[in-house]
Amino acid sequence: MDQIYTGEVKKLSIPHEKGLDHTCNMLLEGYNYIGNRRKRFGSDIFQTRLLGENVICMGGEEAAQIFYDETKFKRKGVAPERVKKTLFGKKGVQGMDGSAHKHRKQLFMSFMTSDRINDLKDITERQWAIAAADWEQRRKVVLFQEAEKIMCRIACTWAGVPLWAKELNQRTNDLSAMIDAFGAIGPRHWRGRAARNRSEQWIRTIINQVRNGEYHPNENTALYAMAWHRDLQGNRLNLKVAAVELLNILRPIVAIGRYVTFGALAMHNVPETQQKLVTEGDDYNQMFVQEVRRYYPFGPFLGARVHNDFMWSGYHFKKGTLTLLDIYGTNHDPDLWDMPDEFRPERFKDWQGSPFDFIPQGGGDYAMGHRCAGEWVTIEIMKVSLEFLAKRMDYYVPKQDLRFSMTRIPSMPKSRFIINGVTSK
């Protein structure tokens, strides 16, 4: 399918979007920007210009497979500064390549043992029970906001990070602002930058306390591991990088609050799914969670740069070219998914997918590649959370604006999903 480019292979012309620059179109079309052009060109690959730069966009299973080939694409230096200063932080695992990336990735994978995942599930169950008891005393609950607080408590408890009740709102709001700044310009971006700075300072202080012997976390926790991790040269991570990586545990867990809210929206819009969550057990719960992750908008695309010139399907990829993989479009690709714009958890009943056809949190190999190390965490927290909403609580959903935008990145129901009359079962 692909070969090293030597100049001797006949090249095909990549479909090209005409015009000086299409950044405004990308902002106006959001999640559908790449998918719209894949349909227009009748091709899973095309070239455009974004922010004054020639960019290759592609989607689909074969495109994802080539995108995650580390001999052909690199991540180092790809994330824009505005994303590093809000979502990812600087010098984190997302921007690394080669042996250094594999070594750092193993640090994250070390938390994904069955014992640690079971601990996480227990913590999640307890935190939802605490929240539900509190909600019974309230006239109105904004689920998205409360779910993020629950996720913040789960994240800090699991990671061993001390979190005082008086700082819960601040820490949740900051982690949420970092997530909300992804794809944002203007005030949302600046809130995310300020939140990133506060959060890194908070975590640096805690890691310093661990290293100075003032605080002693459990040795199985991410806090302990990040504080004492050593790189390939045997050096401890510097304080700033250690804080960035610990936030790369906390922030993605808080982001699960968005998936949980979309899951509640799915139960509301397709009521039979809620009943099946009650009656059909863990297999259906797994299918439901996967369909929430496939169907609703979360990440629109991912970027990498061509490592060295190569040919793929007759197309020439030139060294250094920014390439975007269509995440949302691949998860809604009619060549991969039957009736992709319908919410149908049963599509996952006999799903025998590859690591490249279902990519809500990236594709490829967990252990060594750039697929999100926390995907198992996401799935298990979602399963516990959505099962709790379906089985352990009664509530009603008042009239509100539950539409979600396909141009605001990241998206969320406009009303943030309000529920009333909460009672525990």
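For the structure itself, consult the block above.
What you see is a predicted model; the values in this text were computed from it and never measured.

1. Let's talk about the pairing of strand S2 (residues 45–50)
Link 1 in the chain: Among the six residues of S2, five are classified as buried, and the element is accordingly described as predominantly covered.
Link 2 in the chain: Bridging between S2 and strand S3 (residues 53–58) involves six bridges; their strand directions are antiparallel. Within S3, the position partnered with Leu-50 by the bridge is Glu-53.
Link 3 in the chain: Count of turn residues in the S2/S3 antiparallel hairpin: two residues, of which Leu-51 carries a positive phi of about 50 degrees.

2. Describing the packing of aromatic side chains
Link 1 in the chain: In total, this model carries 25 aromatic pairs according to the counting rule given.
Link 2 in the chain: Ring geometry for Phe-41 against Phe-46: centres 5.7 Å apart, planes inclined by 35 degrees, an arrangement best described as tilted.
Link 3 in the chain: Linked through ring pairs, Phe-262, Tyr-284, Phe-288, Tyr-295, Tyr-296, Phe-343 and Phe-404 together constitute an aromatic cluster.
Link 4 in the chain: Positioned over the ring face of Phe-310 is Lys-72, at 5.8 Å from the centre of the ring.

3. With respect to the environment of Gln-274
Link 1 in the chain: By secondary structure assignment, the location of Gln-274 is in helix H12 (residues 271–279).
Link 2 in the chain: Considering only alpha carbons, one finds Gln-274 and Asn-285, eleven residues apart in sequence, at a separation of 9.7 Å.
Link 3 in the chain: Those residues within four positions of Gln-274 in sequence are excluded, and the remaining contacts are Met-267, Leu-389 and Ala-390.

4. What to know about the sheet that holds S3
Link 1 in the chain: The mixed open sheet is built from five strands, whose spatial order is S2-S3-S9-S6-S4. Looking at strand neighbours, the two that pair on one side only are S2 and strand S4 (73–74), the edges of this open sheet.
Link 2 in the chain: With five bridges connecting them, strand S6 (residues 301–306) and strand S9 (residues 322–326) associate as antiparallel partners. When the bridges of S9 are listed, Gly-303 appears paired with Leu-324.
Link 3 in the chain: Its contacts with the sheet place helix H2 (residues 33–41) against S2, S3, S6 and S9, and it is angled at close to 130 degrees to S2.

5. A short note on helix H7 (residues 143–159)
Link 1 in the chain: Taking 1.5 Å per residue as the helical rise, H7 with its 17 residues ought to reach 24 Å, and the 24 Å between its terminal C-alpha atoms agrees with that figure.
Link 2 in the chain: Judged by how many residues are buried, H7 sits mostly within the fold: 13 of 17 residues are covered.
Link 3 in the chain: Just past H7, the residue Gly-160 takes up positive phi, approximately 80 degrees.

6. Let's talk about the nonpolar core
Link 1 in the chain: Counting residues in hydrophobic clusters, the biggest one holds 86 residues, and the most contacted among them are Trp-135, Val-161, Ile-203, Leu-250, Ile-253 and Leu-389.
Link 2 in the chain: The element best represented in this core is helix H11 (residues 239–269), accounting for 18 residues.
Link 3 in the chain: Residue contacts for Leu-250: discarding those within four places in its chain leaves Ala-155, Cys-156, Ala-159, Val-161, Leu-175, Trp-202 and Ile-203.
Link 4 in the chain: By size, the runner-up hydrophobic cluster in this structure holds 20 residues, among which are Ile-45, Ile-56, Val-306 and Phe-317.

7. Some points on unusual backbone geometry
Link 1 in the chain: Across the junction of Ile-409 and Pro-410, the peptide omega takes the value 0 degrees, indicating a cis bond.
Link 2 in the chain: Position of Pro-410 among the secondary structure elements: in the loop between strand S10 (393–396) and strand S11 (418–424).
Link 3 in the chain: In this structure, Leu-51 takes a positive phi of about 50 degrees despite not being glycine.
Link 4 in the chain: The topology assignment puts Leu-51 in the loop between S2 and S3.
Link 5 in the chain: Of the residues examined, Leu-51 reaches a relative accessible area of 74% and is grouped as exposed.

What counts and how
- Residues numbered from 1 in each chain as written.
- Predicted model: local features only at pLDDT ≥ 70, side-chain atom pairs only at ≥ 80, totals over all residues.
- Heavy atoms only, no water.
- Buried < 20%, exposed > 50% of the residue type's maximum accessible area, 1.4 Å probe, protein only.
- Helix = DSSP H or I, 4+ residues; strand = E, 2+ residues; numbered from the N terminus.
- Pairing = 2+ DSSP bridges.
- Phe/Tyr/Trp six-rings, centres within 6.5 Å; stacked < 30°, edge-to-face > 60°.
- Lys NZ or Arg CZ within 6 Å of the ring centre and 35° of its normal.
- Contact = heavy atoms within 4.5 Å.
- Axes fitted to C-alpha atoms, helices over the stretch in contact; angles between N-to-C directions.
- Expected span 1.5 Å × (residues − 1).
- Core = buried A, V, L, I, M, F, W, Y, C linked by side-chain atoms within 4.5 Å.

Worth remembering: the numbers are spatial, not functional.
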